[in-house]
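An overview of the molecular structure
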Amino acid sequence: MAPHDPLTLPKERCVEFLSSLEIPIAGPVSTGAGEVEYRIAPPGEMILDGYVNSAISPVRFPYPQTQILWRYSQNGEPRFTPEDQSLRMAIFGIRSCDVTAFRYLEHFFDRPPAETTFLDAASKILLVSIACNEPGENCFCVCCDGGPFLEGGFDVQLTDLGDRFLFEIGSDRGAEAARRAGGMLKAASEADRTRRERLAEEALDKFGITSHMATGIRKLTSRRVAEELWARLAARCIECGGCAFVCPICTCFDVADMCDGESNGRRERTRDCCQYAGYSREASGFNPRPDKVSRFKRRFYHKLSFFYLQQDGRHGCVGCGRCVSACFGGVDMPAVVNAIRSERIEADA
Amino acid sequence: MESLAGSCVVCGYCGSGCRLRMVGDAAGPVGISPILTHPTSEGRLCRRGWTSHQPLRDSGRIRSATIKKAGGKAVSVSWEDAIAHASEMLAGSPAGATAIIASPTSSNESLYLLGKLGRTFLSTQSIDFPGGSSTLAIQRLMARWIESTCGIREVDSADVIIAIGLGDGDACPQIVPAVWRAISRKAAVISVDSWKSDLFSEADIAMTPLPHADAVWIDALGSALSSRYEPRIPAEDAVGLAGIEPGQIERAAELLRGAKRIAVVTMTTSMDRLADRRSIDALGRLLSVLRTTGDWLGILPLFERSNTLGAIDMGIGPDLLPGWRDAGDAEARASLSRAWDLPVCEADGVGIPGILEAGGIRSLLVIGDLPGLGLPGSEELLAGLERIPLRIAVSAFPSAWTDSAHIVIPRPLPGETEGTFTNTEGRVQWSRQCQPPPARQEWEIWAALATALGAPWRYATIHDLRSEIARVVPGYEPLAEASIEGTGEFVRTLWEVGELGRRLPADAPLPGENGDAQSLLLCVEQVYLPYHFDSEILRSPIMRRELAILPNEPHVLIHPADAKEAVLRDQGRGVLRTGHGETSVRIACRSDVPRGRIIVPDIYARLVLGPLLPDGASGKSGLYAAVHVAVAPK
C-alpha cells in the first residue's frame, strides 16, 4: 500500500461517510443503560465520541460466541454444507485494542491448517477505528502494545479532534473507503497532525491501571513464579469463565454436533474456557490439568510465556480491561501480572 | 449478526438475579453479553450465565403441545386444544384433589396467576415449588427479622462478615466479590461451613461444625458476646458438641465485639446448616445481640433459584398466601377472597413430599422439572405417580416425566419469558422476551386455562396482571408502573409479618454406634446443588460436559490424608462399617472435606446409610445423621 497523507473528516459528515460505504455498519450504539454495544444499525444511531468500550468485543462479528460451522443432511446421499456467515461490512468506532485483537486472531487462525470460517468472515470486514483520547478506567492497552493509538493494523484510524476526525488510511481497503468519501475528506493541516501527536502523548498519562507485562513475561518464561503464589491467586478464581468469554483474543472453543430432527443436524463451535475442568479432560478420563491451580497457571503461561509470544507474534493480551470487569475474584490479567512482578522469590533476590 | 432487540434477560439460574443481554440474530441467540451497569452483577456472570444461550439453541425442545390418546400414544395438538382438554379433565375436581408443583424459575406474574388459579378454580392448597421446603427455616427467620435484611453490595462495607454455608460460592456467585472486596478492606470473615472452600481460604475463622450442631456453636457465641444471652453454653462445650476447634468461639466473639458494621450471609440451599428449629431460634437470638453491636447491616439469605423469593412472595406454598400471609389464617383468606372476588380454598394442602408420596391426589400439574427426576430412586417415583389419573406437564424439554404425562404444553425458557423476577435481595426486575416461546408465555397459559374453567378474569396484557399484583401483594406496588418494562427495577419493600409457625424438619442426631478408635465421622451434606440436575442447564453442551464430572453412582467424600491413612484410593471402593451393618461405596478424595469426616452426598444418603443404621433410622430424619463408621479398603 502506498503511504497516504492524513486527512480530516468533519464530524457532522460522519454519517454521510458511513452511508457512502454502502455496506452494513456495526458500531457503538447506546444500550440505554449507560453502556454501548457494537450492533449493526443505521449510521445515524452510532455514537461518535465519549464512549467507553463495550462489554463484549466487536471481534464477535467474525468470531461469535457460538457459530454454525456446517450443516449435514442424511436424506439420501449424506451432504455436508459449510455455513457461510461472512458478511461484507464495516465496524465503525472499534477501539485500538480490538483492532489489535482482530489482527491477532487473523494470525492465529491462519496457522496451518487455516481455519477458513473465521478468515473468510474477517476478510470482508472494514475496520474504521477511533483512537482512545480518554482510556476507560479498566484499560491498560498502553502496557500491552494494544493502543491507545495505533501505528498499523487498522483500515482507517480516526482521531477525535473536537469538531472533526483526523482520518488515517492504513490499508488499500481504507484507501477505497476514502475514495468513496470523496469531497468529505480534506487534507489534514500541520496543526491537525501536531494535535494528534499531542493527544496520543497525553493519553499515555491517563491510564489508571498499569501492568508490567515485560516482567510478567520474563518471570513466567523463566518459571520463576512460586507455586504458593499460583495457589493463592487461583483460590480467588471461581472458574466462571468470564475472562475467556470477554477476552477478544482467547481462542479456546468447544465443538458439538446438534441434531435437527432425525436426518439433519449442524456442527457448532462455541467459545470455551480453559479454566473449566472438563475443557482439558481427555476421552480416556485423564485430565492433564485436574485442579484449579494447574488450570489457572496454564492460562497465564499461554497468555504470557515467550514460547507463545514467538509463535503468535505477540503475547496474549491487548489490554482491553474486560477481564478486570468480568472477574469475580480480582485475579484478572493486570492483577496477576502485578502480583507476579511484586513477588520476591529467592531466585530474584 | 446483532444484539437482539429488547434482549435484556434475567438469568434463569440462581437467586443473584443477574441481568444479561442475549446477542444474536433473527435465527436466535449466539452469545451472551454481561451488563456492566447492573447493580448486582456489575458485568460479572458465572458459567451458567455465560452458557445460558445454549439451551435456546437446542433443537430437542418441546415445541408443540401433546395429548395422550387411548392406547398411550401422544399426538400433537394446538396449545389451545391442549388447554381445552386440560380444563375438561380438571373441571369439577373435588377440593384438595389437584396438586401443583410450580417452578422457582417462573416469573412473578406466572406464579401469582397459577396460585390464584389453584386456590380458586382448582380448589387446592397443595401448591409448592422445589426448594420451598429447604427455605422454610430461613423464611421463618426472615419473618421475624425481616427489617434487618441487607443487599449483596452492602456486604462490601461490613467489617465483620459471618458467612454460613456459602461453600465455594457456586450457588450464588455474586456474593463472592462482595466478600473478597470486604476482605481486601481488611474486613474479618467468620466462615461456618461443611467445607474448607477456597472462597474462605482467607477467612479469619473457619468453623466446620457437624450437621445439626449449629444451635450449639451459635449459643456458645451468643453466650460469649452477651451475659443476657440464654441459654448459656460455654465455648468449651461447643468444641465437644459441635466439632469445632478450640478457641474459635472466643476469637469470633472478640472480632464481633470490636466490629462497627456486621453482616450475616447465609445460603438457604444447605440442608445441613440452619435446617432445624433450634438452630434458627439460636440464630435469631444471636441476631438480637448483634443488632445492638455497632452499625448492624443485617442478614442476607441467599436463595437458590432465580425466583425463589418471588415464589414465596406470590404465595407458592401449601400454607402460604401472597404477601407471606398464613393460609391457615381465616382472616388472611377472607382478605384475599375479597381482593379476588372469589372464595379461596380452605382445604388443607400438602407440600412436594406429600404430593409425591401421599395418595388422594387426582390431578398433578408440574411446571418445569419433576423434583427428584434423575436422582437415585426416580424410577420408583415415576412408577408411583402413574397412579394419578391426570398428569399435566408444562416443560421445555422431554423427559421421563413428560413421557408419562397425559397433557404436555411447551414451556418458555429464559430469553423467551417476559415478566418480573425477584432476586435474593428483593430486587424486582423485568426480563424481556428475545425470541418468541414455542407456545405462549406461562401466564397466558394459566389465563387461558382459567377462562376455560369459567373464570371471569380478563388479562389483555401482562400489564393488567401486574396491576393486580401491585394491588394484592404488599411490596409490589411499583409493578403497576409501565416503566418497569424498560431497564426499570425496584427493590420491593419489606413488611412486618407474624410468626408463620411452619413445620421444620426433626433435628435429633443419631447416636454414634461404633467405638472404634480409628473410626471417622460419617455426615450427610448437600454436595450437589439443584442446578446440577436441571434439565435446562444440561442442554448447554459446555455445562453438560462440566457437570458430567460428577460421579454418577453412590459415593462418599473423604480428605486425601484420611484416605491415605485408611489405605483408600481415590475413585476406588471402600467398606463402611457400623455396629448395624456395612456397605461398599465408591471413594472420592476432596481436599475441602474436613479431616476426620466422611461426607455422604445427600442424594445418596438413603442408599449409603440404609445398611449402616438401625431399621427405620435412615428415613428422612436420617438425612441429618452423624454416625461413626470404621472404614477399610475393599
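Relevant structure appears above.
Residues numbered from 1 in each chain as written. Chains lettered and ligands numbered in written order. Predicted model: local features only at pLDDT ≥ 70, side-chain atom pairs only at ≥ 80, totals over all residues. Heavy atoms only, no water.

A closer look at the packing of aromatic side chains
Residue and element names in this part refer to chain A. Going through the model one piece at a time under the given rule, you end up with 17 aromatic pairs over all chains. Summarising the aromatic geometry, the rings of Trp-70 and Phe-80 are spaced 5.1 Å apart at their centres and angled 80° between planes, so their arrangement reads as edge-to-face. Of this pair, Trp-70 sits in strand 4 (residues 66-73) while Phe-80 sits in strand 5 (residues 79-82), and the two are 10 residues apart along the sequence. Ring centres of Phe-307 and Tyr-308 lie 4.9 Å apart, and the angle between their planes is 85°; this geometry places the pair in the edge-to-face category. A relative accessible area of 51% places Phe-307 in the exposed class. Three or more aromatic residues link up through ring pairs in this structure, and these residues are Tyr-63, Phe-102, Tyr-104, Phe-108, Phe-109 and Phe-118. (Phe/Tyr/Trp six-rings, centres within 6.5 Å; stacked < 30°, edge-to-face > 60°. Helix = DSSP H or I, 4+ residues; strand = E, 2+ residues; numbered from the N terminus. Buried < 20%, exposed > 50% of the residue type's maximum accessible area, 1.4 Å probe, protein only.)

Focus: the interface of chain A and chain B
Contacts between chain A and chain B engage 46 residues on the former and 42 residues on the latter. The contact between chain A and chain B buries some 3,700 Å² in all, and 54% of this surface belongs to carbon and sulfur atoms. Put simply, chain A and chain B have 5 salt bridges between them. The salt bridge partner of Arg-545 of chain B is Asp-272 of chain A, with a shortest N-O separation of 2.5 Å. For the interface between chain A and chain B, the tally reads 19 residue pairs in polar contact (both at pLDDT 80 or more). When contributions to the side of chain A that touches chain B are tallied by element, the ones reaching two or more residues are strand 3 (36-40), strand 4, helix 8 (242-246), strand 11 (253-259), strand 12 (264-271) and helix 11 (322-326) of chain A. (Contact = heavy atoms within 4.5 Å. Buried area = accessible area lost by both parts, 1.4 Å probe. Salt bridge = Lys/Arg side-chain N within 4 Å of Asp/Glu carboxyl O. Polar contact = N/O pair within 3.5 Å; in protein donor to acceptor, adjacent residues only side chain to side chain.)

Some words on the sheet that holds strand 1 (residues 7-10) of chain A
Residue and element names in this part refer to chain A. As summarised here, the arrangement of the 8 strands in space is 3-2-6-7-8-9-1-10, forming an open sheet in which the pairing is mixed. Looking at strand neighbours, the two that pair on one side only are strand 3 and strand 10 (186-187), the edges of this open sheet. Bridge count for strand 2 (residues 25-30) against strand 6 (residues 89-94) is 2 bridges, and the pairing is parallel. Residue pairing across strands places Ala-26 opposite Ile-91, the latter belonging to strand 6. (Pairing = 2+ DSSP bridges.)

Some details on the nonpolar core
One finds Phe-17, Ile-91, Phe-92 and Phe-167 of chain A together with Leu-166 and Ile-175 of chain B to be the most contacted residues of the largest nonpolar core, which totals 116 residues. If sequence neighbours within four positions are ignored, Ile-91 of chain A has contacts with Ala-26, Tyr-38, Pro-58, Phe-61, Phe-102, Ile-125, Leu-126, Leu-127 and Val-128 of chain A. (Core = buried A, V, L, I, M, F, W, Y, C linked by side-chain atoms within 4.5 Å.)

Things to note about the packing of helix 7 (residues 214-225) of chain B against helix 9 (residues 248-257) of chain B
Helices that pack against each other are described as a pair by the angle of their axes relative to one another and the distance between those axes. All names here are of chain B. Between helix 7 and helix 9, whose axes approach to 9 Å, the crossing angle comes to 50°. Relative to helix 9, helix 7 is oriented oblique. In the crossing of helix 7 with helix 9, the sense of the turn from one axis to the other is right-handed. Contact residues: Trp-217, Ala-220, Leu-221, Ala-224 and Leu-225 in helix 7; Ile-249, Ala-252, Ala-253, Leu-256 and Arg-257 in helix 9. A per-class count over the contact of helix 7 with helix 9 returns 9 nonpolar, no polar and 1 charged. (Axes fitted to C-alpha atoms, helices over the stretch in contact; angles between N-to-C directions. Parallel < 35°, antiparallel > 145°, perpendicular 65-115°, else oblique. Left-handed = near helix turned anticlockwise from the far one by under 90°. Nonpolar A, V, L, I, M, F, W, Y, C, P; charged D, E, K, R; others polar.)

Overview of the environment of Gly-96 of chain B
All names here are of chain B. Inspection of the secondary structure puts Gly-96 in the loop between helix 3 (79-90) and strand 6 (98-101). Linking Gly-96 and Val-350, residues 254 residues apart in sequence, is a C-alpha distance of 9.1 Å. Beyond its immediate sequence surroundings of up to four residues, Gly-96 is in contact with Ser-123, Thr-124 and Ile-361.

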